[in-house]
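Observations on the model geometry
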Amino acid sequence: MVTRVQTLLNTFSFAQNKPYTPKDYRSKEEPRWCPGCGNYSILTQVQKVLADLSVPPYRLAFVSGIGCSSRFPYYINTYGFHGIHGRAIAIASGLKIARPDITVWVITGDGDGLSIGGNHFIHALRRNIDINILLFNNQIYALTKGQYSPTSEHGAITKSSPDGVIDYPFNPVALAIGANSTFVARTIDRDPRHLQNMLKRAAMHKGTSFIEIYQNCNVFNDGVFDRFSNKEIRDDYALFLEHGKPLIFGKNRNKAIRLNGYIPEIISLDDGKHSTSDAVIYNEQDTTLAFLIATLSNHPNMPRPFGVFLDITRTTYETELLEQIESAITKNGKGDVNELFNSGDTWIIQ
Amino acid sequence: MVTRVQTLLNTFSFAQNKPYTPKDYRSKEEPRWCPGCGNYSILTQVQKVLADLSVPPYRLAFVSGIGCSSRFPYYINTYGFHGIHGRAIAIASGLKIARPDITVWVITGDGDGLSIGGNHFIHALRRNIDINILLFNNQIYALTKGQYSPTSEHGAITKSSPDGVIDYPFNPVALAIGANSTFVARTIDRDPRHLQNMLKRAAMHKGTSFIEIYQNCNVFNDGVFDRFSNKEIRDDYALFLEHGKPLIFGKNRNKAIRLNGYIPEIISLDDGKHSTSDAVIYNEQDTTLAFLIATLSNHPNMPRPFGVFLDITRTTYETELLEQIESAITKNGKGDVNELFNSGDTWIIQ
Amino acid sequence: MTPKKIEKVNDVTIRFAGDSGDGIQITGTQFANTTAILGNDVSTLPDYPAEIRAPQGTLGGVSGFQIHFGSTEINTPGDMCDVLVVMNPAALKANLQYLEKGGSIIANSDGFNERSLALAEYSSNPLRDGSLSHYHVYEINITKLTEQALCDLNLPPKVIERSKNFFALGLMFWMYNRPLEPTLKWIREKFSKKPELIEANSRVLKAGWNFGETTEVFKVRYEVAPARVAPGKYRNITGNQATAFGLMAAAHRAQLELFLASYPITPASDILHELSNYKNYNVKTFQCEDEIAAITAAIGASFGGALAVTSTSGPGFSLKAEALGLAVMTELPLVVINVQRGGPSTGLPTKTEQADLLQALYGRNGEASVPVIAALSPSDCFSAAFEACKIAIEAMTPVILLTDGYIGNGSEPWLIPDIHSLPTIEPYYPDDPKKFKPYMRNETTLVRPWAIPGIPGFEHRIGGLEKKENTGEISYDPVNHERMTRLRTEKIMRLQDRIPLATAEGHTQGDLLVIGWGSTFGAIRTAVQKQLDKGKSVAHLHLRYLNPFPKNFSKLISQYKAILVPELNLGQLAQLIRARCRLPIYQLNKVQGLPFRSVEIEQKIEEVLRGIA
Amino acid sequence: MTPKKIEKVNDVTIRFAGDSGDGIQITGTQFANTTAILGNDVSTLPDYPAEIRAPQGTLGGVSGFQIHFGSTEINTPGDMCDVLVVMNPAALKANLQYLEKGGSIIANSDGFNERSLALAEYSSNPLRDGSLSHYHVYEINITKLTEQALCDLNLPPKVIERSKNFFALGLMFWMYNRPLEPTLKWIREKFSKKPELIEANSRVLKAGWNFGETTEVFKVRYEVAPARVAPGKYRNITGNQATAFGLMAAAHRAQLELFLASYPITPASDILHELSNYKNYNVKTFQCEDEIAAITAAIGASFGGALAVTSTSGPGFSLKAEALGLAVMTELPLVVINVQRGGPSTGLPTKTEQADLLQALYGRNGEASVPVIAALSPSDCFSAAFEACKIAIEAMTPVILLTDGYIGNGSEPWLIPDIHSLPTIEPYYPDDPKKFKPYMRNETTLVRPWAIPGIPGFEHRIGGLEKKENTGEISYDPVNHERMTRLRTEKIMRLQDRIPLATAEGHTQGDLLVIGWGSTFGAIRTAVQKQLDKGKSVAHLHLRYLNPFPKNFSKLISQYKAILVPELNLGQLAQLIRARCRLPIYQLNKVQGLPFRSVEIEQKIEEVLRGIA
Ligand SMILES: Cc1ncc(C[n+]2csc(CCOP(=O)(O)OP(=O)(O)O)c2C)c(N)n1
Ligand SMILES: Cc1ncc(C[n+]2csc(CCOP(=O)(O)OP(=O)(O)O)c2C)c(N)n1
Ligand code: SF4
Ligand code: SF4
Ligand SMILES: [Mg+2]
Ligand SMILES: [Mg+2]
């Protein structure tokens, strides 16, 4: 049976594979975020990257949950689904399994994706369905006006924690690695070029890609990521990972991370005692290293890593599903419903 | 205000702090598990350990979800709550926060705790509420008669995966470490002594303790853990972690794990080239090492680790809550509801 | 040997019972199949323990299978049985309550030893102590006779022990005059790789038959003439399997891929199991991490253009409440199946109940009308599931399909339809990108178009916020909200124009109309038929559609003096009817995890008729 | 200067409106407080944008605050306003719809420049183009006058700009003859650390007053005499705050710790925020990962002996369905608060609606009756919450408390009760370990005992499976299940014996009974009062208890010829009443995310009366 959907896809004459521009991904709806919100930059970079990759808009679906960030699909001219709180990843999973031909992006927040939606998040990662998850982490529930989220810092004063948060936060990157992820990255709204790079890498990865994007909410949590975006100081606070390259950071690229056994240490590259060759060479394909670097954040003096933590290959869920379908067809032929109904013990009444 | 609960606790003359025996923890209900089920052994060891620790039964609460394993509370003579599917940890969290004086154990399964209950699981771990979570992992949904679970092996044939599971499983230990756990251990139903040890360690840990217990379901998934329990071969397949001790295993204790940088390797201790001193010394307090050892399971030839992976100290949720309460009282005095109601802008109508 | 007397009977109910390991389910199924082939109408009820593996020989470990067959229409597995076949004391103890006074007990006397009597908590042997004096007891040493039949084959004792059920089956075939051949054929196929088992089981089956024929124990044989059932090809089917097939048939007629997202739960899991076998039939199953993931994944698949379904039972259905609202708001096709079980909460997971009706109608926030359809019997699950899909797709709406544990697990003969004779299902796709607006409705049906990702020109955004009429943009406008709320509700009401009018069986006007829904159909029908036979002024109205009600509902019921609503709950349909009419409404409610017996309904009818006379 | 004329009026509605940054909420609150202190009855309605920070000067960014006050009983924030104070064109455009024809507009003419007109999408200046000819327009250059009042203080322009709302407030105080002192005091306290702001704001406030007094712009001042409100100490309170206080009061009277587990959601979050401030009051708040965790954590806390509460709104309430069933089955006290908002699904998150009533009654699997209580006004949330706790604890049951966005955010004066005058709350604890059985019920109330962990001798197990009567052991017994189902339901029905009988306001018998529930109370009451004043044969019955209904409900309503049920949904209470009576029932339904205006109800009453006359 050729499904009607296949017929529709075949019938509608496809637009040429024209080169797309960011404008092609802009919807008519005017973004309604607060002036200065980090979401604007992310939207712009996504539109740029989509144009660079030239995926036709009609082949794309953006699925989100609820939150400021989750309004995203309205502003991008593709198929879009603004779901319910926490379920974006589950909706996207169903869509992708039903329609492996569609490129699916998930937009979620630290509340949407890690609080109410935490379970769908970890399960998607282990299943390795080929969707791209962008988690806008502003360490706050913004849409509901400022309660703490699972990434809010211990001690943070918010509307619902007047005496300071007593939860300890998730490290989303570490959580993702622990959940058997195949692609994990971190970037930040205020670094457009890095953001674009990460988006492209995620797009290219086959399987679930997860990017944590630090996003400034200038109304309810202004400045929590300043040290990673402020050009004056960020080089001392941020560590950029590059596959095959040593882990070097610092304003003058004069510091590096060395491993003492499995214990990370900062070394100075201008104390005369150490050189670049002492630094760890980053390897995106090593889960242990990825976890080790992800948990640098546990050490107060360590820089915060950005970039691709992990990019490994594992067959995707839908690939294996299609294989099982193929092999079922090979083995038993294309199923005929009539035959199936008429199989087993049957009898005829005249 | 002294609450009625405090009054009740004070009024009822407490039983002497008598030495308890396992029998004191046996309820009148006859366990209804299948003959040969691994759950029996776990129940027995829990009862033994409770007796050893002599926690009075009335100070204990066992909370579970739904599943074969979750019937556990009926068989143990303490306060008990057989909840709904997946919510044991949330129920236990509420109970413990409301009543920090009660010792709370959670009994859950790989379905209950990691599938539908996965979100409560990871959030409890990061919050570090002082509850003890025992996850009976039989890699199957047993109570519902044999569907695959989030820990079922890739390719497993089950009632709902006639062509083999295409999900990739969680490694519960790695997931827990990624979720910011403070205590993580693994043990197995068929090794009573190790099981008892782990239970004691969990009981002693302040904060959320998580033990993954391999449990044989002899009806729907018989033998999946045989290589770790069969006395003939288990020493080659299982690696027992001990804090401060080298990682040695093998029937003749002739193999060890060495770290090449952060990459684990098996060395032979009787090839003349290596000695015990080449082996990693295990350190329960290092999160990276714990993760590294937890993910040995990713390497097909590596042994499966058992024991305490991680045991670190972090203030518990309820400790911090009680501190905040104390400091609120110190700062503002014991709240008087009448005063509160009468505060703010008020006026009097004669 | 005197030739046996042959007695004609209209309908018979037999119950086989033994230990979980005794092959009772096979025995029952074989008897049912042979009986169906003979042209009797049949209804069956398997009844096995909740525990995964209850201890052997105990009351908890008893497995039963009841078959009701006859030369007239058979609508239930039978209130009480005429013959009870028991393999051990526990089976007797657990099932005696289902045996009609004066009925027959066929007992494997070899199964009644001291140990088994103790396990069944009997202090003395009931076969001997006179406690069964109200019944005809036939003690047969089945185990011994089976051993004798096989003594020359050198089989291990376990195998011999396991084939004794065929002896009982053979004996029942003899007693009710059914051929052995279908079962012999089944044995040959089933054990094709173990010739020694073919020989053994066939022999024992025949031995049972011959025992009946030759010994003097039984004086009478019975003849149950064929029923006038519709001609055609049949097979036995359980409700859950029929549901699965109904979904597949609908996907086929709609020419869509079938996508089932589900989380296992008793008694609904078999729908997932069944469909997971059909990967080569354009069927995808997705076992999710929980019920919320399942329904939202299904919604995602529906957005992608699949026929999306999610199956569950009570507690899982509760978890789907929020997302059902999303499906209402996005107006996407979706079928949500609730195989109801005993509640509330975890309740009685393996038992049946009809207590989720009001939840199906109202269990979500906001005004969110959803069509609700209930299946009435195992085989009817096929048509009900098909119909649910057709409405979902053609009206762009979630549809709730209610079945229950009783019909989900129960089986009956199913007249296999020709797939091509089933109605077509026509999705409403947009065709012109220039005119396309995601919430522009068809004027007659109020249905919005289904625009599928992948097609240029129809890019659009949907979601759970209120949307502007036609354009689908987010709108907080007060008047628009009211209009959209009413449009969504009206769209469902307009289904009245396409669902069949209600018809009552029995008198078209009169004293009492008995109204039912769902799996109580058979018991009510039987009860009303008997009352009609007794000349009572009654009728039976069965409601397949619970939302919307059939258009002629109020008119139809106004032809009666009173209404009786029997339900396996505390009166949920009764409440819905009360809000719609001013007639006196009587209720018959049973909340025991069990189906009605038709006599319970008959008694109530008589009581009500006395009251209103 | 001619002395101004003073006119007496009964009641007045004023609406302040400006940009989100204009301090409108403060202005309104100050006016309301001063007015309340004078002894007028008052009702207020804040109305701010859904967006976190809508762009300045646009329609989306307008913030409003409406105050209705009078010398008679005031039940609503007013249908339409008499005076509209606007700071810019957007505020005018967005709010003109609420102004009575013939009403007054007081406009800050300095705010009407080209840019702001464009932002408000005005093509010409409405103050000039004659489009406001149906109103009295007072153009006052408030910004300029404010600047002049402060010119010698050397303040930054932003500060000057921000204090102009006090000018408007001062002017309104003059017009309605209210004292400045309360606001001056408030300014002194609020800005105690910034003396320059005390000086500035006080001066501007007085400047506004003086402007009214001295200029010839206004010819008339108004006098609104005090109302005969109950004597006592008052404060303003919002519904959500009152709910929080009601819970605290109940915990105090029950001598229990208050435990709130919640997940943030508009418009319910303020209950969580409020309670998180009271750690030194035996209050614990637990912000959970989702709504399911919140209700189950609350159930755990209840098992532990706390007064356990969970608060949410529509979508979150849907998620609690399954666990509510668990609370029913375990018979533990629990209060579930649903601050209803526009649905279905995400719907209209910041708007009000009453569409979750049927869900509250039926939204879970199985027969699971739960008491449902609805609050009728902001201050009434206190009593409703208190009552919900009392029933939950004393009847060992979950209780659903329904409020909504309208009363949750709205405020009104609250007669502060003395905590000691509130009823006591008596938990039913077991006292004898030897006789203790977890499901042994009190014979009169059918309540089971609450055995708290930590106490020797009462160790027991509970859960969601059906349990044996008295002992609480798991039981699959059919008859026991029916008995337990009926006992659970009957326990809730017996609450009829402790809740007050229903009474109707107005004629005790007559033509039309208007029945309402929840936040429509004020509008219905006002409408019925007006009709009574016109001599119509009507009455008003307000239902606080939606399950069970008051015992005398049927008898009471049978005294009228017809019933009208106004609701902010499509007729949910109407359906419940239909199932209980045979009177003609008329509906008035509004689903616009907005409360009723009392005239809408009046019109409908008149229409119905014409019809049935
Ligand atoms: C079931 C449900 N619960 C709660 C809410 C309320 N809610 C909406 S968004 C949100 C949190 C958003 O936080 P995040 O995902 O971090 O997004 P942000 O607004 O910060 O971008 C909450 C709690 C809801 N809409 N639905
Ligand atoms: C809401 C809900 N969904 C589904 C179920 C059905 N169910 C009961 S137990 C179970 C899985 C149990 O698996 P696991 O936790 O591994 O326990 P086991 O039986 O293997 O010990 C499921 C799916 C349920 N009871 N409630
Ligand atoms: S509230 Fe914060 S996250 Fe939301 S739109 Fe405004 S700045 Fe952005
Ligand atoms: S089904 Fe498996 S897990 Fe459950 S009781 Fe039996 S053996 Fe144990
Ligand atoms: Mg956020
Ligand atoms: Mg399991």
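This text gives an overview of the structure that appears in the document.

A few points about the site of ligand 1
- Among the 22 residues in the neighbourhood of ligand 1, the closest are listed as Cys68(A), Ser69(A), Asp110(A), Asp112(A) and Glu291(D).
- Neighbouring residues of ligand 1 are not confined to a single chain but are spread across chains A, C and D.
- With respect to ligand 1, the side chain of Asp110(A) contributes an N or O atom lying 2.6 Å from an oxygen atom.
- The contact in question runs from an oxygen atom of ligand 1 to an N or O atom on the backbone of Gly111(A), over 2.9 Å.
- For ligand 1, the protein covers 98% of the area, taking 590 Å² as the surface of the free molecule.

Comments concerning the interface of chain D and chain B
- Counting residues at the interface gives 83 residues for chain D, matched by 67 residues for chain B.
- Between chain D and chain B, roughly 6400 Å² of surface is buried when both sides are summed, and carbon and sulfur atoms account for 64% of that area.
- The interface formed by chain D and chain B contains 2 salt bridges.
- Among the salt bridges present, the one from Arg4(B) reaches Glu426(D), with a minimum N-O distance of 3.2 Å.
- Summed over the shared surface of chain D and chain B, the number is 36 residue pairs in polar contact (both at pLDDT 80 or more).
- Only α1 (24-37), β9 (232-238), α9 (239-254), β11 (283-287), α11 (291-303), α13 (321-330), β16 (411-415) and β17 (461-463) of chain D provide two or more residues apiece to the side of chain D that touches chain B.
- Here the side of chain D that touches chain B gets 8 residues from one element, more than from any other, and that element is α11(D).

Some points on the interface of chain B and chain C
- Each side of the interface is counted separately: chain B has 26 residues, and chain C has 22 residues.
- Buried area between chain B and chain C, both sides added, is near 1900 Å², and the carbon and sulfur share of it is 55%.
- The three residues of chain B that bury the most area against chain C are Arg32(B), Ile116(B) and Lys145(B), which together make up 21% of that side's buried surface.
- On the surface where chain B and chain C come into contact, there are 1 salt bridge.
- Linking Asp163(B) and Lys279(C) is a salt bridge whose minimum nitrogen-to-oxygen distance equals 2.8 Å.
- Joining chain B to chain C, the criterion identifies 7 residue pairs in polar contact (both at pLDDT 80 or more).
- Across the side of chain B that touches chain C, the residue classes break down as 13 nonpolar, 7 polar and 6 charged.

Reading guide: rules and limits
- Residues numbered from 1 in each chain as written.
- Chains lettered and ligands numbered in written order.
- Predicted model: local features only at pLDDT ≥ 70, side-chain atom pairs only at ≥ 80, totals over all residues.
- Heavy atoms only, no water.
- Near = heavy atom within 4 Å.
- Polar contact = N/O pair within 3.5 Å; in protein donor to acceptor, adjacent residues only side chain to side chain.
- Areas by Shrake-Rupley, 256 points an atom, 1.4 Å probe, with all protein chains shown as cover.
- Contact = heavy atoms within 4.5 Å.
- Buried area = accessible area lost by both parts, 1.4 Å probe.
- Salt bridge = Lys/Arg side-chain N within 4 Å of Asp/Glu carboxyl O.
- Helix = DSSP H or I, 4+ residues; strand = E, 2+ residues; numbered from the N terminus.
- Nonpolar A, V, L, I, M, F, W, Y, C, P; charged D, E, K, R; others polar.

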